[in-house]
Amino acid sequence: MSTEREAIFSRIRGALAPLHERAPLPQYDAEISVMRGMIAGRDLAELLAERMKRVGSIALTDVAALVAHLREGKWLRGYVDPALWPGLAPHFGADFTVEQTFDRTRVDDYAFGITRASGAIAESGTIILNDATTSRRLGSLAPWVHVAVVERATIFSDVTQAVAALGDDRNVVWCTGPSKTADVEGILIEGVHGPGVQIALIV
Amino acid sequence: MRFQQIDQFAAELKADTRASVYQSTKTTHEKRTKLLFDQFTDPNRLREIAGEIKQHAIENLDTYLPQVEAKLQAAGAQVHWASTAESACETVLRIMRARGATKMVKAKTMVSEEIELAHFLEKHGCEALETDLGEFIIQIDHDHPSHIVRPIIHKNRREIAQSFEREGLGAYNDDPGTITRRARHFLRHKYLAADVGLTGANFVSAESGRMVIVTNEGNSRFCLAATKCHIALIGIEKIVPRDRDLGLLLNLLGRSGTAQDLTVYTEFIGGPKSAAQPDGPEEMHVIFVDNGRTEVLASDCRDILRCIRCGACLNVCPVYRQASGHAYRSVYPGPVGAVLSPLLAGEKFPSLADLPKASSLCGACHEVCPVNIPIPDLLLRLRNKAKEEGVPSPGTPPMGAWALLATQPTVWKASLFGGKLMNHLPTKMIPVPALQAWADKRELPRWRGGEFRKWMKERKSRAGL
Ligand code: SF4
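Computed from a prediction, not measured in an experiment: that's the story for all the values here. (Residues numbered from 1 in each chain as written. Chains lettered and ligands numbered in written order. Predicted model: local features only at pLDDT ≥ 70, side-chain atom pairs only at ≥ 80, totals over all residues. Heavy atoms only, no water.)

Notes on the overall build of chain A
What chain A contains, in helices and strands, is six helices and twelve strands. The C-alpha radius of gyration of chain A comes to 21 Å, more than 25% above the 17 Å expected for a compact globule of 203 residues. C-alpha atoms of chain A, sized along the principal axes, occupy 75 × 50 × 40 Å. Looking at chain A as a whole, 55% of its 203 residues qualify as buried. Counted over contacts in chain A with a minimum sequence separation of 6, partners at least 24 positions apart contribute 69%. (Helix = DSSP H or I, 4+ residues; strand = E, 2+ residues; numbered from the N terminus. Rg over C-alpha atoms; globule rule 2.2 N^0.38 Å. Buried < 20%, exposed > 50% of the residue type's maximum accessible area, 1.4 Å probe, protein only. Contact = heavy atoms within 4.5 Å.)

Comments concerning empty space enclosed by the protein
All names here are of chain B. The final tally for this structure, using the stated rule, is five cavities of 30 Å³ or more. Along its surface, the largest cavity is lined by 19 residues, and Cys317, Pro335, Ser359, Cys365 and Leu379 are the ones closest to its centre. Of all the secondary structure elements, the ones that give two or more residues to the lining of the largest cavity are helix 15 (318-323), helix 16 (334-344), helix 18 (364-368) and helix 19 (375-388). At three residues, helix 16 tops the list of elements feeding residues into the lining of the largest cavity. Taken together, the residues of the lining of the largest cavity break down into 15 nonpolar, four polar and no charged. (1 Å grid on protein atoms, 1.4 Å probe; cavity = no way out; pocket = protein on both sides within 12 Å on 5 of 7 lines; lining within 4 Å. Points joined across faces, edges and corners; volume = space filled by probe spheres on them. Nonpolar A, V, L, I, M, F, W, Y, C, P; charged D, E, K, R; others polar.)

Observations concerning the domain arrangement of chain B
Once the domains are mapped, chain B shows domain 1 (42-291) and domain 2 (407-462). Taking only C-alpha atoms, the centre of domain 1 of chain B and the centre of domain 2 of chain B are 58 Å apart. (Domains from an automatic or database assignment.)

Digging into the site of the ligand
Taken together, 13 residues surround the ligand, and among them Cys307, Cys310, Gly311, Cys313 and Cys369 of chain B come closest. The residue inventory of the shell around the ligand, partitioned by class, reads eleven nonpolar, one polar and one charged. (Near = heavy atom within 4 Å.)

A few points about the sheet that holds strand 7 (residues 229-235) of chain B
Residues and elements named next belong to chain B. Taken together, six strands build an open sheet; the order of strands is 1-10-7-4-2-3 and the sheet is parallel. Since the sheet does not close on itself, it has two edges, and those belong to strand 1 (78-82) and strand 3 (127-130), each with one partner. When the angles between neighbouring strand axes are averaged without regard to direction, this sheet yields 20°. Pairing of strand 1 with strand 10 (residues 283-289) involves five bridges; the strand directions are parallel. Residue pairing across strands places alanine 82 opposite valine 289, the latter belonging to strand 10. Against the sheet, helix 5 (residues 85-99) makes contact with strand 1, strand 2 (103-106), strand 4 (196-199), strand 7 and strand 10, and its axis sits at roughly 170° relative to strand 10, the strand it touches most. Across the face of the sheet, helix 11 (residues 219-226) comes into contact with strand 2, strand 4 and strand 7 while running at roughly 145° to strand 4. (Pairing = 2+ DSSP bridges. Axes fitted to C-alpha atoms, helices over the stretch in contact; angles between N-to-C directions.)

Some remarks on a nonpolar patch on the surface
On the surface, a nonpolar cluster with roughly 540 Å² of combined accessible area is contributed by Leu421, Met422, Leu425, Met429, Leu444 and Trp447 of chain B. Mapped onto the elements, leucine 421 of chain B comes out in helix 21 (residues 409-421). (Patch = residues over 30% accessible without salt bridge, like charges linked within 9 Å, V, L, I, M, F, W, Y side chains within 5 Å. Areas by Shrake-Rupley, 256 points an atom, 1.4 Å probe, with all protein chains shown as cover. Salt bridge = Lys/Arg side-chain N within 4 Å of Asp/Glu carboxyl O.)

Considerations on the packing of aromatic side chains
Using the criterion set out here, one finds 14 aromatic pairs over all chains in the structure. Summarising the aromatic geometry, the rings of phenylalanine 96 of chain A and phenylalanine 112 of chain A are spaced 6.2 Å apart at their centres and angled 75° between planes, so their arrangement reads as edge-to-face. In this pair, phenylalanine 96 of chain A is assigned in the loop between helix 5 (85-88) and strand 3 (97-99) and phenylalanine 112 of chain A in strand 4 (residues 112-116), connecting sequence segments 16 residues apart. On the basis of relative accessibility, which here comes to 9%, the residue phenylalanine 96 of chain A falls in the buried class. Judged by its relative accessible area of 0%, phenylalanine 112 of chain A falls in the buried class. Between phenylalanine 102 of chain A and tyrosine 110 of chain A, the aromatic rings sit 4.3 Å apart at their centres with planes inclined by 20°, giving stacked as the arrangement. Here phenylalanine 102 of chain A matches tyrosine 110 of chain A in class, with each residue buried. Linked through ring pairs, Trp85, Phe92, Phe96 and Phe112 of chain A together constitute an aromatic cluster. One Lys or Arg, arginine 244 of chain B, reaches over the ring of tyrosine 28 of chain A and ends 4.6 Å from the middle of that ring. (Phe/Tyr/Trp six-rings, centres within 6.5 Å; stacked < 30°, edge-to-face > 60°. Lys NZ or Arg CZ within 6 Å of the ring centre and 35° of its normal.)

Side note on helix 9 (residues 157-166) of chain B
Residues and elements named next belong to chain B. Of all the positions in helix 9, only Ile160, Ala161, Ser163 and Phe164 are classed as buried. The arc that holds every buried residue of helix 9, seen down its axis, measures 160°, which confines them to one face. Packing partners of the buried residues in helix 9 comprise helix 8 (133-140) and helix 10 (176-193). Between the side-chain oxygen at the start of helix 9 and the backbone nitrogen of arginine 158 there is a gap of 3.1 Å, and the oxygen is on asparagine 156. One or two residues past the end of helix 9 sits glycine 168, with phi positive at roughly 75°. (Arc of directions from axis to C-beta. Polar contact = N/O pair within 3.5 Å; in protein donor to acceptor, adjacent residues only side chain to side chain.)

Things to note about the sheet that holds strand 8 (residues 155-156) of chain A
Neighbouring strands of a sheet are bound in pairs by backbone hydrogen bonds; such pairs are parallel or else antiparallel. In space, the eight strands of this open sheet follow the order 8(A)-5(A)-6(A)-9(A)-9(B)-6(B)-5(B)-8(B), with mixed pairing throughout. Because the sheet does not close on itself, it has two edges, and the strands there are strand 8 of chain A together with strand 8 (239-240) of chain B. Pairing between strand 5 (residues 203-205) of chain B and strand 6 (residues 211-215) of chain B: two bridges, direction antiparallel. In the sheet register, phenylalanine 203 of chain B faces strand 6 of chain B, and the bridge partner there is valine 212 of chain B.

As for the environment of glutamine 277 of chain B
Along the chain, glutamine 277 of chain B turns up in the loop between strand 9 (265-269) and strand 10. C-alpha of glutamine 277 of chain B to C-alpha of tyrosine 22 of chain B: the two residues are 255 residues apart in sequence and 46 Å apart in space. Here the side chain of glutamine 277 of chain B touches arginine 137 of chain A through a polar contact of 3.1 Å, landing on its backbone nitrogen. Polar contacts involving the side chain of glutamine 277 of chain B include one to the main-chain amide nitrogen of aspartate 279 of chain B, which spans 3.3 Å.

Shown next as structure tokens:
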């Protein structure tokens, strides 16, 4: 195995040796790929909501609206991060069945999953999940509806800023809209493997 | 008259396939352009910088690859190196055997297509299931993808519905929503039963060792939430120097490929799952694959290694739109494939040497490429390579007669006179089949050869010269 490594590196060195000089690393202002005109002067939570709508996600700001939305879709059974449940429980009626553990042998039983987001990106309408804040990867992925609880203070204005703040979590997932495909004749269908409904509860 | 192979494929393409490929590539291309130019003041500058970043990265792989390796190892991942397709396949099998694993779920990776991994694993008694909807359909049909981003662009819903029925995935139903729902239901239980999840990577940052995977469907997320072992199969050219470069490249990738600001899921993976997270791989292997890339790096076409596989050049290409992907007879179709496939073919270069010729060099691919690859220049270099290696070029009109005409004034003059006869000859008698086919539906213009010399002579005498 290490000989394969050596062989590859020796071919790389051989390929690069004849170059008189190597292409320099460009220095550039990261600002060039920021949609500043759209962001400037905006309230980030408002902009996030607007941009989420554009990609097919839903942004809500109070728990009552969330509960009403779930009830309307008849999504009455789900998984909730145990750390979030005490705050949410008073708003959920007796018509809901909520589990605070996720049983992977019954993935189809969970119509919704509520977990914490580590942040969001206003510019692109993106919710950020990571291992440190997501109680269960499967709980945020397998149910038809995913609700991410986003704290206002964690909203980044743009993609560039969010990249700079990736931190050291080994699994950071940006979710920009519900899971989708246009594989069949270019027709857009939502909810392929992941959530068909992506909601942010901005608190 | 024999055609080049790609022309033969294009000639035999079904009319409705051609129409659907044409329509969807055109729509995606138009949306892409609108998005980039509406949102950024100078999108071309972004493409130039992105190109410079990737060019720098591939010209410094000897520095960056060891950096990435060290970062990944420090994060608890195991790093493997594979020179060839065979050795990459065997490395995957070895990892699976060591775990006693027989079931793999795969996210879409072009490298795995390149090394024909699924086929190899099946031969060795392992299941390797494609989970991207398009790739899944390709797999059950034993077909080949025809677009790097939209693998089943050549299929219609009726064909897909028939395949689903045949595979026992429900009674015939060609509603795309129903097809998707059935695949969702079938595949989620496969993820949960699998031992190993295999992904590719779109980028790997040398600075942090973090890889980036983008999907719209969320299948790679499911692979990395349900299985206990993650294998990432990555071409050695996927490196970018710094994390901050990811921002710029991601901003270009989604817009260029599918006209989205960002692809739905952008995953940044820096190692196995953290201890506190109940779901996801405890074991992670990264296999860096060469499979011909170092040869491309040594060639004068190394710029093609910048490619981020967005598919924009396919969508805009007039040849791809007419010929569709299978005409390229390789994993990478379209303009990028016309450069990359013959190069990666190594000794089999002559069998794909027709691809660089199937281009009018219109330059559209270069204009849309998010990493600014001068594809037409590279096509010319490959044409030259084919010429130097004496690769025969069927379908090319013989140029010897032309050379004679153009170098011998008497022959030239005689032929001008011959040209006048054309006004009186029926076009059927022109001894060139391609011209006959062309002239069948058209009137030839009247012959005006030799007029220039006459005009010049008269002008001179009028001016008293
Ligand atoms: S060559 Fe450029 S346009 Fe074509 S797929 Fe690669 S990155 Fe995209």
